[in-house]
Structures are given as structure tokens and as C-alpha cells.
Amino acid sequence: MDRQLLSAIAHRDHPIAAPVSAANLDRLLRRAALPEGARVLDLGCGEGEWSLRALELVPSSVADGVDISPHAVSAAERSAAARGLSDRLSLHVTSAAEFSATEPYDLVICLGSTHAFGGLTETMDAAAKFVRPGGLALVGEGFWDRPPAPEIAEAFGAYPDLAGTVTTAESGGWLTVYGHVSDLAEWDEYEWSWTGTLARWSADNPGPDGEQALAVMREHREMWLNGYRGVLGFVSLLLRRV
Ligand SMILES: C[S@@+](CC[C@H](N)C(=O)[O-])C[C@H]1O[C@@H](n2cnc3c(N)ncnc32)[C@H](O)[C@@H]1O
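Residues numbered from 1 in each chain as written. Predicted model: local features only at pLDDT ≥ 70, side-chain atom pairs only at ≥ 80, totals over all residues. Heavy atoms only, no water.

Near the ligand there are 18 residues, and of these A17, G44, D67, A96 and L111 occur at the shortest range. Interatomic distance of 2.8 Å between a backbone N/O atom of L111 and a nitrogen atom of the ligand. Side-chain polar atom of S113 to an oxygen atom of the ligand: 3.4 Å apart, as the coordinates give it. Across the shell around the ligand, the residue classes break down as 9 nonpolar, 8 polar and 1 charged. (Near = heavy atom within 4 Å. Polar contact = N/O pair within 3.5 Å; in protein donor to acceptor, adjacent residues only side chain to side chain. Nonpolar A, V, L, I, M, F, W, Y, C, P; charged D, E, K, R; others polar.)

This is how it looks when you write it as C-alpha cells:
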């Protein structure tokens, strides 16, 4: 089983693939105050929850969702159909770095997907190419809330702290106009959903695939409970192009 399919299974009970609650997703999008007819671009859209909610909040808006995982995009397609949003959401199975557009966007979303561009700086540069003058970016990124153990730092890479993350996000001509730091309850809900859904799936699917899913779940849970719980932070920043 490939990792994209495992990830799709793990996210079935928490389609927002980030430690953010539905209520806080809503709050962040409302703060964007999108205009009628808004154009939204969601890079690394996963199952499309951010775009879908933006479309529900502004019924004349349209969105493009881009993701490299066909499993995630299929899930986004199904959700869009179930919510009556298919005609306003265009989905693209491709690498975010390969995506191009002819018209600018009012809002560029990249939540938990900055690795698609190689980091936060590169993501903000990419967003700058897509957004209209004075438009917005909504970017979610990890940061070290407390100093990590060396093996955890090595596994996740060189995140700065919260202040450093804001500085990096703004450095290429952006200004933070709102932000949300995920709390421990949001993290726990995300991680219990991820690990629990995979555990249940492995029990329901005995055999090599089930064993692989269980091994991935155990490794992930070990790193979470004995490593990054309460150490790794996650911030969602709403930034305006200046
Ligand atoms: C942590 S998930 C976040 C998904 C979504 N933004 C959300 O918050 O629900 C990261 C997503 O990035 C996608 N991804 C990873 N590398 C990518 C790339 N090079 N281009 C496009 N998407 C990519 C993954 O398939 C995954 O769906």
C-alpha cells in the first residue's frame, strides 16, 4: 500500500489534514472576508475541506484545488458532490509546483502543505505569483513550541519558533492580519483520529495491508506521544500581500 492511500485512510474521520478544528477553520476563513465572486486557490488541498468551506461561505466564489494524491482528490470530489459544490470546485491532480493559472486569486491557501514547495519561504513566493495585488494567503505551518529532542528535530526538520515563523512568512512582502495557534485539544483530536482510524482499519483488514497500516500507526503514535506532543506547534496565518 502506498503512503498516499494510508494517509487517505488515516484522515477519514478528520478530513482536515491539520490539527485545526472545523470551528477554527471557519473562523479563519470568515476573517478573510472574501468578496462576492472570489477566486480561491488551495495548494496541497488534500480532501478539500478549506476550499469547500470557503465555497459555502461565499456562494458566488469558485476554487481550484491542487494535490498530488489521487486518493485525496477523489475524496474531495466526493465531498464536493455531497455538498452540492462540484460546479464551483475544479480539482487538479498534479504537483503544486507544476500548477499554473492565467487569472489571479483573491485567496491562496496552503495549509500543512508547505513541503510541496520545499518550505515556508518558497510557499510564500509561490503564493505571491498567484495572488492579486492586496490579496490574501492562508498558510499553516509547524513551529517548535518547546525545544525538541534531537531525534525529533531530525525527523521533522529545522522549524523556527512561532516568532521566527511569522518573520519568515512575512519576509517576502506579506503582512500578517490574523492568526490561530492550534491548542492541545485540536492536536489530540487530530492525532487520536489519525492513529485510531488507522488502527481500526488494520483490525478490519487482516493480512499484509493491515499489518503495514498497524506498523505505520504504531511508529507515528510513538513519535507523537513520546516525542512531539506539546512540543511541535501549528500556526495558521492569514497574510495580506503588501
Ligand atoms: C497535511 S496534508 C494537508 C491537506 C489540506 N491542506 C488540509 O489541511 O486538509 C498535505 C497535503 O499535501 C499534499 N502534497 C504533498 N506534496 C505535494 C505536492 N508536491 N504537490 C501537491 N500536493 C502535495 C499531500 O498529498 C497532502 O494531501
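Turning our attention to the state of the cysteines. Per the counting criterion, the structure on display carries 0 disulfides. Lacking any disulfide linkage, C45 is separated from the closest cysteine sulfur, that of C110, by 10 Å. Accessibility expressed as a relative area gives 6% for C45, which makes it buried. The exposure class assigned to C110 is buried, which follows from its relative accessible area of 2%. (Disulfide = S-S within 2.5 Å. Buried < 20%, exposed > 50% of the residue type's maximum accessible area, 1.4 Å probe, protein only.)

The next point concerns the UniProt feature "domain: Methyltransferase" (unreviewed entry) in the chain. Feature annotation in UniProt assigns "domain: Methyltransferase" (unreviewed entry) to the following positions: residues 36-140. Measuring from the first to the last C-alpha atom of residues 36-140 gives 25 Å, for a span that is 31% helix and 31% strand. (UniProt positions renumbered as here; feature names shortened; annotations may be inferred. Helix = DSSP H or I, 4+ residues; strand = E, 2+ residues; numbered from the N terminus.)

Turning our eyes to something else, we now look at the pattern of salt bridges. Using the criterion set out here, one finds 9 salt bridges in the structure. Between R53 and E56 there is a salt bridge, with the nearest N and O atoms lying 3.0 Å from each other. You can see R53 and its partner E56 sitting in helix 3 (residues 49-57), 3 residues apart, about one turn around the helix. Note that R132 is salt-bridged to D106, the shortest N-O span being 2.7 Å. One end of the pair, R132, is in strand 5 (residues 131-144); the other, D106, is in strand 4 (residues 105-111), and 26 residues separate them in sequence. Shared partners join several salt bridges into a network, and the residues in it are D26, R30, E49, R53, E56 and R83. (Salt bridge = Lys/Arg side-chain N within 4 Å of Asp/Glu carboxyl O.)

Taken in spatial order, the 7 strands line up as 3-2-1-4-5-7-6 in an open sheet, and their pairing is mixed. The open sheet has two edge strands, strand 3 (89-93) and strand 6 (174-181), and neither has a second partner. Sheet twist, expressed as the average angle between the axes of neighbouring strands with direction ignored, equals 15°. The strands that helix 4 (residues 70-82) touches are strand 2 (62-67) and strand 3; relative to strand 3, the one it contacts most, it runs at about 165°. (Pairing = 2+ DSSP bridges. Axes fitted to C-alpha atoms, helices over the stretch in contact; angles between N-to-C directions. Contact = heavy atoms within 4.5 Å.)

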